[in-house]
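The chain contents come next:
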Amino acid sequence: MDGEREGGVREQSSGRRGVKKIGGNERGRVTGRIQPAPRCRAMTQPRACQEQEDGLHEVTLSTQRLRVLPLAVLSNPGLESLDLDRNKLRSITGISKLFNLKRLILSKNEIVDFPTEIQSLVCLEKLELNQNQIRVIPEGVFSHLPRLKHLRLNNNRLSALPRDLTACQGSLQYLNISNNLFRTFPQPVLQLAHLQELYVQNNALRQLPRELFQGQSLRMFKANGNPLREPPSEVCAGGIQQIRNYFNQLQHSSGQEDKRVKTMFLGASLAGKSTICKSLKQGQTKLVPKEDRTVGIEISEFRIEDFTFLFWDFAGQLEYYMTHHVFITPQALVILVINLHMYQTNDKTFKELVSFWINNLSMRVPNSVVLPVGTHVDCCREEEVEEKRRDIMAKIAAMLMERKSNLAHFINNLEDSEEPEFYVDQWERLKEMESCTLTILNLIAVNCTDHRDIKKLEATILEHVKNEELFPEVVRVLPPIYRQVEAAIVDIAQGEEMADHGMMDLQYLLSKLSQCEHLANLGRELLQDILRYLHRVGLVVWYEEIKHLESTVFLQPTFLITMFKLLVRYRLVQQLESISVDTLIGEHATIRDRSNWVWTFKSKAMLCHRAVRALVKHQLCSEGMRDVFEEIMGHRPPSRRGKLFSLLEHFELCLEVRHTEALNPQASEFVPGKPWETTRGQGESWYLFPTYLNQTEEVSEVWGGDHPEDLHIRAYFSPEIPEGFFQRFLVKACSFYSTHWVAKATCLLICNGKPLLIKENNQRAYSYLELRCRKPAGRTGFQFAWDFLMAVVFIIQKLAEEWPGLHVCMKTPCRTAGCPAELIWPDMDGTNTMMKEDVKTCGTCGHRFGTELFLPKVPRQLEEPPAQPSAHYYVTSYGTTTFGPSSIHINRQVRRLPPPLAPGPTLMARLVLSSCS
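The structure displayed is predicted, hence computed values, not measured ones.

S.K.: Let's hear about the overall build of the protein: which residues, and what values?
M.R.: Assigned secondary structure in the protein consists of 23 helices and 33 strands. Out of the 917 residues belonging to the protein, those deemed buried represent 57%. Surface exposure of the protein reaches about 38700 Å², of which carbon and sulfur atoms provide 50%.

Rendered as structure tokens:
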């Protein structure tokens, strides 16, 4: 995609043009077009030219569909900044006349040959040529640019950099060469002594030079998306200091090759995943009874030759799939287990047993390698097995072809648009998705009761992981200390002193490891580096980003799964109903309380704090882990949060709801610039689990029905809305907007008394989230309404980033009843002239509407005073958002249960207001 961009305020385009809606929708449904009101193109350039004649030093001609540079621009030798972003330029003949130019933006054009005239721009400090089609940069250009500080070349076709780039070694601070074709690291970069930011993502780099990290100038470095061996991607993900530490360790001893493969077993319930997993590990058939099937996820490790396999066996019930997103990672072998005895050659069973998993893998880890394994062949005739094998492979091939065809359709729509420059970012994203395709290996059918079939499966797996084209990162080069610490941790985890739960304090783990003679000098920083690596490969779990868990290391990741499945599990209601009387008494509860808990959970998907404590205690006692109850749940009264809720909230599986009858008189005073500590204990906490929601009547009643005048936009998803996406969206959105009503597929948010409805529609070929709010009155009303809508849109977009193979497209339906036309939103980068049009005309029904009814825009009303600049929202992480020049961090949301609609929100949170530079 676009790579990283330097901070700062982007100049607004001086041109004003709209855009036509691209024909067709997400799945080829024929629609009309919505286009701008007629406007004279000749009005745009003269205005820019007039500004130049007046002696301006900055000119912006973004999205003007220029093919040549205007003469008026070239006749202004005093020009210092020229923005030609999103045009149709293939050359910039005459640019050498602008010898005072300091800033030149040529991104998102059609440049193939690097413009050598740039060498005449000796004052140039910032040059952006990203998202073009440049293959080669000739020598002799950069030697004439001694002041160049900022260079963007990402998203081109480059495989090398010119040697004379070293002429910029005294000035260049920012370099972006991501999304190119580099197979070896470009040596000229090593001479850039003042380089502070370097981006090389999504190339074909296998190795990084240690010289790059020997200096101290580099502050930001990103290399994800490369098949790196030295250092491995898991090390690079830890940041510059971890990479430096890695190379420092290699200076003392030579690196060792580590051949490790994370192997994930997926498939429907009772497919035979656990049987295959255990049989491969033990080297012989090992049937697993139905009552011993996987609950949550089980983890094991074994070796075949010199390869280490880390098996993750995922439960097949849909309830457990909500936790899968935490552990499903790229660069893994996926074994999709299919029960051939249950499989029928029809669409229904194919969807349940195969396509559900293929779809979710293609969205979550689109570059994965999938090995389908058919089981229960002993229950099928030989010809039946072959028939089903052919049917499965043919249907999978058709799925992948349909996905490819849909992506091509979206890309063609954007390319055929009359003004494709408005959609360059979306086009780049689609092209990136097009290059990411699941690799589906040939299905292998096995009889789990025949050890010969198990051996055949083992040989097939080994053959595939040895294929470097399939698994380019299977070999990692590590310093010996990494392997030594790993071996010591395994010994500690398997030792008699280690409790079954495998949790250990970080400092205590360091002291235990330091007792080993060869690890006596192990420091905390190096241990943290190694733990980050082991966490990313799946051997241990350490969530340093979660405040309440940063000092806890899970040496047995299976216990972490146990914590998840305490509350996210199959048949949870039955678990509630089976809580023993002794457990109830221990939590000061009664049988009547237990009945109320069950009723509330069934009707509202909510559990009070006491119910959760009783449920967790009941299940831990049944598994012989009563000793860790207080550490998991926190003490009573809840003066300290337990680990369980920190995990569930971090991964957006539940939302805390605090019921208060009145305002809290003990609340501390809010003082800007100082932390605001919330007071706990005002009423019992409740926890909402969106996965278990069902009823929708209450939301519909409060909303009051759709109105034709509503502001109405849709976020279309392709191929579909991922399983669990809407539930996680609810947790995120409701954390920001404390007054809300939620149901299985709907959510009503309230801000300043204004409602916003979100509805999920997830059917094949027509998956979208619909956002509606009441049509506002006046300029201020539109400002607030679009700010509210855009905050929710950015939450959706931020969450969707966790599914690299998911395409999300924003559209606004035509407001004429019965008209099928929809307006595709342009790239939302703050520079789009499409937003400046006052009127849109539907190409299907011919009706004209104000742009503010389709896109984030405030209508012009001269009689009103000037409005404040529209806020821009950037959802950066869970609980954090930025509103224009201020940021708001919701450290902990504490809210009332929803009051009637009129009073508006009751948000009580810690607000940290900070100025954005």
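S.K.: A description of the confidence of the model for the protein should follow, citing residues and the corresponding values.
M.R.: Residues with a pLDDT of 70 or more make up 80% of the protein, whose mean pLDDT is 80. Under a pLDDT of 50 for its full length, residues 292-296 has, in the predicted model, 19 contacts with residues more than four places off or in other chains. When the criterion is pLDDT under 50, residues 862-917 qualifies, and its contacts beyond four places in sequence or with other chains add up to 137 contacts.

S.K.: So what's going on with a nonpolar patch on the surface? Which residues, and what values?
M.R.: Taken together, the side chains of V581, I585 and I591 make up a nonpolar region of the molecular surface, amounting to roughly 270 Å² of accessible area. In this structure, I591 sits in helix 17 (residues 591-604).

S.K.: Requested: an account of the packing of helix 5 (residues 273-282) against helix 10 (residues 451-465), with residues and values cited.
M.R.: Two elements in contact, helix 5 and helix 10, have axes separated by 10 Å at closest approach and are oriented at 80°. With respect to helix 10, the element helix 5 is oriented roughly perpendicular. The residues of helix 10 that touch helix 5, namely those facing I276, S279 and L280, are I454, L457, E458 and I461. Looking at the contact of helix 5 with helix 10 residue by residue, the class counts come to 5 nonpolar, 1 polar and 1 charged.

S.K.: Describe in detail the sheet that holds strand 29 (residues 822-824), supporting the description with residues and values.
M.R.: Sheet architecture is open: 7 strands sit in the order 24-25-26-27-23-28-29, paired in antiparallel fashion. What marks the edges here is a single partner per strand, and that holds for strand 24 (739-742) and strand 29. Adjacent strand axes in the sheet meet at a mean angle of 20°, parallel and antiparallel pairs treated alike. Across 4 bridges, the pairing between strand 24 and strand 25 (residues 746-751) is antiparallel.

S.K.: Could you give an account of the packing of aromatic side chains, with specific residues and numbers?
M.R.: Tallied over the entire structure, the rule returns 22 aromatic pairs. Just above the ring of W803 sits the side chain of R364; from NZ or CZ to the centre is 5.1 Å. One Lys or Arg, R774, reaches over the ring of W703 and ends 3.7 Å from the middle of that ring.

S.K.: Account for the pattern of salt bridges, with residues named and values stated.
M.R.: Counted according to the given criterion, the structure contains 49 salt bridges. For the salt bridge of E587 with K617, the shortest nitrogen-to-oxygen distance reads 2.7 Å. Separated by 30 residues along the polypeptide, E587 in the loop between helix 16 (581-586) and helix 17 and K617 in helix 18 (residues 609-622) bring together distant segments of the chain. Summarising the burial analysis for this pair, E587 and K617 share the class buried. K798 is the partner of E801 in a salt bridge, and the nearest nitrogen-oxygen pair spans 3.5 Å. Its relative accessible area of 54% is what places E801 among the exposed residues. For K798, a relative accessible area of 26% corresponds to the partly exposed category.

S.K.: So, the nonpolar core: which residues are in play, and what are the values?
M.R.: Membership of the largest hydrophobic core comes to 226 residues, with the highest contact counts inside it found for L104, I118 and F221. A per-element tally of this core places helix 23 (residues 778-800) first, with 14 residues. With near-sequence residues (within four places) excluded, I118 lies in contact with I92, I95, L104, L106, L124, L127, L129, V141 and L145. Listed in part, the 30 residues of the second largest apolar core include A271, I276, I335 and V474.

S.K.: Would you mind going over helix 10 in detail, with residue names and values included?
M.R.: Helix length check: helix 10 (15 residues) gives 21 Å between terminal C-alpha atoms against 21 Å at 1.5 Å per residue, within 8%. Of all the residues in helix 10, the buried ones are D453, I454, L457, E458, T460, I461, L462, H464 and V465. Two or three places before R452, at the opening of helix 10, D450 has a side-chain oxygen 2.9 Å from that residue's backbone nitrogen.

S.K.: An account of the sheet that holds strand 3 (residues 81-83) is needed here, citing residue identities and associated values.
M.R.: Here 8 strands make up an open sheet; going across it, the order is 2-3-4-5-6-7-8-9 and the pairing parallel. Whereas interior strands pair on both sides, the edge strands pair on one side only; in this sheet they are strand 2 (58-60) and strand 9 (220-222). Within the sheet, the average angular offset between the axes of one strand and its neighbour, ignoring direction, is 5°. Sheet analysis places strand 4 (residues 103-105) next to strand 5 (residues 126-128), joined by 3 bridges and oriented parallel. By the bridge assignment for strand 5, L104 is matched with L127.

S.K.: Please provide a residue-by-residue account of helix 12 (residues 506-514), values included.
M.R.: Regarding helix 12, the residues found buried are L506, L509, L510, K512 and L513. Taken around the axis of helix 12, the buried residues stretch over an arc of 165°, which confines them to a single face. N-capping of helix 12 is provided by D505, with a side-chain oxygen placed 3.0 Å from the backbone N of Q507.

Reading the values: rules and limits
Residues numbered from 1 in each chain as written. Predicted model: local features only at pLDDT ≥ 70, side-chain atom pairs only at ≥ 80, totals over all residues. Heavy atoms only, no water. Helix = DSSP H or I, 4+ residues; strand = E, 2+ residues; numbered from the N terminus. Buried < 20%, exposed > 50% of the residue type's maximum accessible area, 1.4 Å probe, protein only. Areas by Shrake-Rupley, 256 points an atom, 1.4 Å probe, with all protein chains shown as cover. pLDDT = per-residue confidence, 0-100. Contact = heavy atoms within 4.5 Å. Patch = residues over 30% accessible without salt bridge, like charges linked within 9 Å, V, L, I, M, F, W, Y side chains within 5 Å. Salt bridge = Lys/Arg side-chain N within 4 Å of Asp/Glu carboxyl O. Axes fitted to C-alpha atoms, helices over the stretch in contact; angles between N-to-C directions. Parallel < 35°, antiparallel > 145°, perpendicular 65-115°, else oblique. Nonpolar A, V, L, I, M, F, W, Y, C, P; charged D, E, K, R; others polar. Pairing = 2+ DSSP bridges. Phe/Tyr/Trp six-rings, centres within 6.5 Å; stacked < 30°, edge-to-face > 60°. Lys NZ or Arg CZ within 6 Å of the ring centre and 35° of its normal. Core = buried A, V, L, I, M, F, W, Y, C linked by side-chain atoms within 4.5 Å. Expected span 1.5 Å × (residues − 1). Polar contact = N/O pair within 3.5 Å; in protein donor to acceptor, adjacent residues only side chain to side chain. Arc of directions from axis to C-beta.

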